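Commentary on secondary and tertiary structure
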Amino acid sequence: MYPKLLVCLIDNGVTPFSSHLLTPIACISLLPLSLSLAFLFVSLDSIFRPQVFQNSVQTMGSCFSTSSVSTSEIAPIDLAVKPPAVILSSPAAAQTLVSAQPLPITPPSAAETTATATATSTVTVKLYGPSNSLTTSYLRFALLHKKANLRFVPSEDQKPTIQIGSETTSGSQEVLLRYIEDKFPEPRLMIWKFNLEGFDEATPLIVKTIWLQHRSMLWHVERMLRWSEDLAARGGRRAVDPSVGTPKMEIRKFAKSYTLLQEVMLEHAQMEERILFPVLESVDRGMCKSANEEHGRELPLMNGIKEYIKSISVMNSGICCEELFSLASRFKSLQVMCKAHFAEEEKELLPMVEAAEMGKEKHKKLMNKGLEVMRGTHTNSFDFFLQGLTPQEAMQYLDLLMNFGDPDLISSFMSQRDIVD
């Protein structure tokens, strides 16, 4: 992640920074010419925060010549997009805000959870419990954010147990989550009330789920944009990270990631059109006309990107430079369109759900109907979806599912993986 402003002292005018990511805006001679020149740079990615710059070289792929991390493994970022203040239903809510901090943690894929999780700590945590238990799955997601080696051991005991060394602890989901937080303070996961960036207890459930879905999709669009820019800057040549493989192998991975993103975005749009919009239209006809039109404009662009990726995949990597830059341009257009569309929905439509004055049970049913429409991606690509959220946001999403979701439906999202020791 990058700070909004970097000041780099560079001897003899040589910079280690890739020119496609940082743009020089000024050149100021602070010392005689025989000494270092001072250059001010502004990051093209103005959405990152300066306090985490020390992790930038390790998290951003091929942006630096010495990086060994693939752009296909960019860590989650804080998009710094806040929900509109009008979503607040009471002045008191403004005093209980807790910001979700950007944290470079990428939840493993389903395949990775079948063995010991990769981590930077030598501490091994054993989680015992039924493999089909929602509580066990919830604790698994919590532990995957921590710097510990996680091993799951199937057990018939319905009460999950956590073992760290010789210390063993059992209890309820809340007790064990507090235990995890005490043992591994960073990154912080617990926010006992849903108050991320301006929400309070009165905010309708479907508004919370849609806002978090927007955050995940925006992160994935941003990730694909940066990856496409990196591909274009390399001219289709092999990435620094050998795990990416050959250029054609990288394009296949790129295509797979985009397919997952497109599926999530399409199901999200269908959920809004089938569940959210009819409710709002019933109280004020024509309210959702603009949002429906936006969906219509985004679909051809998304389909066009998919076809363009297919055409690039059959080209020789040495002659597809122009196409890669064009692909990056298309992703930029998609990013701009999605940001504007989501912002409009969050400002104009989502507050109207609360204004419609539906009861809590109606809100609960509305959320579950929306999740039912998104069953496909939430069952098959749930880890991918959560990857686009910060750890705090991911746990908030899981809390919504656990506390208000239909148990049978939520079980298909969270407990369908085979996690074995």
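Residues numbered from 1 in each chain as written. Predicted model: local features only at pLDDT ≥ 70, side-chain atom pairs only at ≥ 80, totals over all residues. Heavy atoms only, no water.

**Observations regarding the pattern of salt bridges**
Think of it this way: side chains of opposite charge can pair up when their charged atoms draw near. One pass over the structure, following the stated rule, counts 11 salt bridges. The residue lysine 183 makes a salt bridge to glutamate 167 at a minimum N-O spacing of 3.2 Å. Of the two residues, lysine 183 sits in helix α3 (residues 173–183) while glutamate 167 sits in strand β7 (residues 167–170), which places them 16 residues apart along the sequence. Under the relative-accessibility criterion, lysine 183 is labelled partly exposed at 37%. (Salt bridge = Lys/Arg side-chain N within 4 Å of Asp/Glu carboxyl O. Helix = DSSP H or I, 4+ residues; strand = E, 2+ residues; numbered from the N terminus. Buried < 20%, exposed > 50% of the residue type's maximum accessible area, 1.4 Å probe, protein only.)

**Some points on the pairing of β7**
With 4 bridges joining them, strand β6 (residues 161–164) and β7 adopt antiparallel strand pairing. Each residue of the ladder has a partner; that of isoleucine 164, found in β7, is glutamate 167. Following β6, the chain reverses through 2 residues before pairing antiparallel with β7; glycine 165 in that reversal takes a positive phi of roughly 65 degrees. (Pairing = 2+ DSSP bridges.)

**Observations regarding unusual backbone geometry**
Looking along the chain, the bond that leaves glutamate 186 and enters proline 187 is cis, with omega of -10 degrees. One non-glycine residue, glutamate 357, lies in the positive phi region at around 55 degrees. Mapped onto the elements, glutamate 357 comes out in the loop between α7 (321–355) and α8 (360–373).

**Regarding the packing of aromatic side chains**
The tally for this structure, following the rule as stated, stands at 7 aromatic pairs. Ring geometry for phenylalanine 141 and phenylalanine 382: centres 5.9 Å apart, planes at 85 degrees, overall edge-to-face. Residue phenylalanine 141 is located in helix α2 (residues 134–144), and its partner phenylalanine 382 is located in helix α10 (residues 382–387); the two are separated by 241 residues in the primary sequence. One exposure class covers both phenylalanine 141 and phenylalanine 382, and it is buried. In this arrangement the basic side chain of arginine 140 is found over the ring face of phenylalanine 141, its NZ or CZ atom lying 4.4 Å from the centre. (Phe/Tyr/Trp six-rings, centres within 6.5 Å; stacked < 30°, edge-to-face > 60°. Lys NZ or Arg CZ within 6 Å of the ring centre and 35° of its normal.)

**Things to note about the confidence of the model for the protein chain**
With 67% of its residues at a pLDDT of at least 70, the protein chain reaches an overall mean of 73. Considering only residues more than four positions removed or in separate chains, one finds that residues 1–120, a stretch of pLDDT under 50, has 243 contacts. (pLDDT = per-residue confidence, 0-100. Contact = heavy atoms within 4.5 Å.)

**Things to note about the packing of α8 against helix α11 (residues 391–404)**
As a packed pair, α8 and α11 sit with axes 11 Å apart at the nearest point and diverge in direction by 115 degrees. As summarised for this structure, α8 and α11 are arranged roughly perpendicular, according to the angle between their axes. When the axes of α8 and α11 are compared, the crossing they make is left-handed. Judged by residue contacts, Lys364, Met367, Asn368 and Leu371 of α8 engage Tyr397, Leu400, Leu401 and Phe404 from α11. (Axes fitted to C-alpha atoms, helices over the stretch in contact; angles between N-to-C directions. Parallel < 35°, antiparallel > 145°, perpendicular 65-115°, else oblique. Left-handed = near helix turned anticlockwise from the far one by under 90°.)

**Comments concerning the sheet that holds β7**
One open sheet accounts for 4 strands, arranged β5-β4-β6-β7; its pairing is mixed. If you trace the sheet from one side to the other, it starts and ends with β5 (149–154) and β7, each paired once. Going across the sheet, the axis of each strand differs from the next one's by a mean of 20 degrees, ignoring polarity. Here strand β4 (residues 124–129) pairs with β5 via 6 bridges, running parallel. Paired with valine 125 across the two strands is leucine 150, which belongs to β5.

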